[in-house]
Amino acid sequence: KIMKKITLLIAFIGMITLQSCTVNEVQDNVDNDTISEVFELRNVNFSYNSSTGGYFIYRTLNPQIYASDNILIYRMSDVIDSNTPVWQLIPRTLYLSGGDELDYDYDFSREDFTIYADGTYNLASTPQYINNQTFRIVIIPGYFSNRSAQQIDFNDYDAVIQAYGINPNNIKSL
C-alpha cells in the first residue's frame, strides 16, 4: 500500500512537471513582451534614388518587431505653437497649387521601414516637403489586434497613443 501511494505521488508530480513544460513552450511563442512605443525621426531629409526616381528615408528596427506587430507613421505637417505639433497619418496625398500632387507613403517589415515621397512634379523644386521632416513611428504589438480597431481613429495621433497606453513623454529618437 505504501509503495502504491509513493508510485501515485511520483506519477502525479511527473504529470505536473511535464504539463508545466508544455505550457511554457506554448507561452514562449506568444507576443506578450512587446510594448506599444513611439520613435521619432526629427529633422530628417529624404534621399534621392536615381534608379527609381523617388525619394526615401530608410531605417532598421533594433530590436526587430514581431511578425504580428503593426507600424503607423505620422508626419508633422504643421505646428500650432512650440508645444503643439500637428500630426498627419501617412499614406497621405498633398494637393499643391497648380494641380501638383505630393504623396507620402511607407512600407515595413519585422526588420526595417521605408518612408517614400513621390509626386506629379520634380520634388526637388519644393525642398520644404523633402528636407527637415519629422516623423513619429508608432509600433503596435500584434496582441492588441483583439481590441476593436473601429473604436480608434488612427488619423488622430493623440487618440492612438491614448488607446494603446503610450506615454507621450517616452518618445525615443531614431
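A quick note: this is a predicted structure, and the numbers were derived from the prediction, not measured.

A. Broad picture of the nonpolar core. The biggest cluster of nonpolar side chains holds 38 residues, and the ones touching the most others in it are Phe 46, Ile 73, Ile 115, Phe 135 and Val 138. Looking at this core, the elements that each hand over two or more residues are β1 (37–44), β3 (54–60), β4 (70–81), β5 (84–90), β7 (101–108), β8 (112–119), β9 (133–140) and α2 (157–163). If one sorts the elements of this core by residue count, β9 sits on top with five residues. When sequence neighbours within four positions are dropped, the list of residues in contact with Ile 73 reads Gln 88, Leu 89, Ile 90, Tyr 106, Phe 113, Ile 115, Phe 135, Arg 136 and Ile 137.

B. Here's a closer look at the sheet that holds strand β6 (residues 92–95). An order of β2-β3-β8-β7-β6 is seen for the five strands of this open sheet, with the pairing classed as antiparallel. The open sheet has two edge strands with one neighbour each: β2 (47–49) and β6. Here the strands of the sheet are splayed against their neighbours by 25° on average, with no regard to which way each runs. Relative to β7, β6 runs antiparallel, the two being bridged by four bridges. Bridging across to β7, Thr 93 finds its partner in Asp 103.

C. Local environment of the layout of surface pockets. There is about 210 Å³ of room inside the largest pocket. Lining the largest pocket, in full, are Asn 83, Thr 84, Pro 85, Val 86, Trp 87, Arg 136, Asp 156, Tyr 157, Asp 158, Ile 161, Pro 168 and Ile 171. The set of elements that each furnish at least two residues to the lining of the largest pocket consists of β5 and α2. Per element, the largest residue contribution to the lining of the largest pocket is four residues, and it comes from β5. In the lining of the largest pocket, the residues fall into seven nonpolar, two polar and three charged.

D. Spotlight on the sheet that holds β1. Strand order in the open sheet made by the five strands is β5-β4-β9-β1-β10, with mixed pairing throughout. Two strands bound the open sheet, and with one partner strand each, they are β5 and β10 (172–173). The sheet contact formed by β1 and β9 spans six bridges and is antiparallel. Paired with Val 38 across the strands is Val 138, a residue of β9.

About the criteria used
- Residues numbered from 1 in each chain as written.
- Predicted model: local features only at pLDDT ≥ 70, side-chain atom pairs only at ≥ 80, totals over all residues.
- Heavy atoms only, no water.
- Core = buried A, V, L, I, M, F, W, Y, C linked by side-chain atoms within 4.5 Å.
- Buried < 20%, exposed > 50% of the residue type's maximum accessible area, 1.4 Å probe, protein only.
- Helix = DSSP H or I, 4+ residues; strand = E, 2+ residues; numbered from the N terminus.
- Contact = heavy atoms within 4.5 Å.
- Pairing = 2+ DSSP bridges.
- Axes fitted to C-alpha atoms, helices over the stretch in contact; angles between N-to-C directions.
- 1 Å grid on protein atoms, 1.4 Å probe; cavity = no way out; pocket = protein on both sides within 12 Å on 5 of 7 lines; lining within 4 Å.
- Points joined across faces, edges and corners; volume = space filled by probe spheres on them.
- Nonpolar A, V, L, I, M, F, W, Y, C, P; charged D, E, K, R; others polar.

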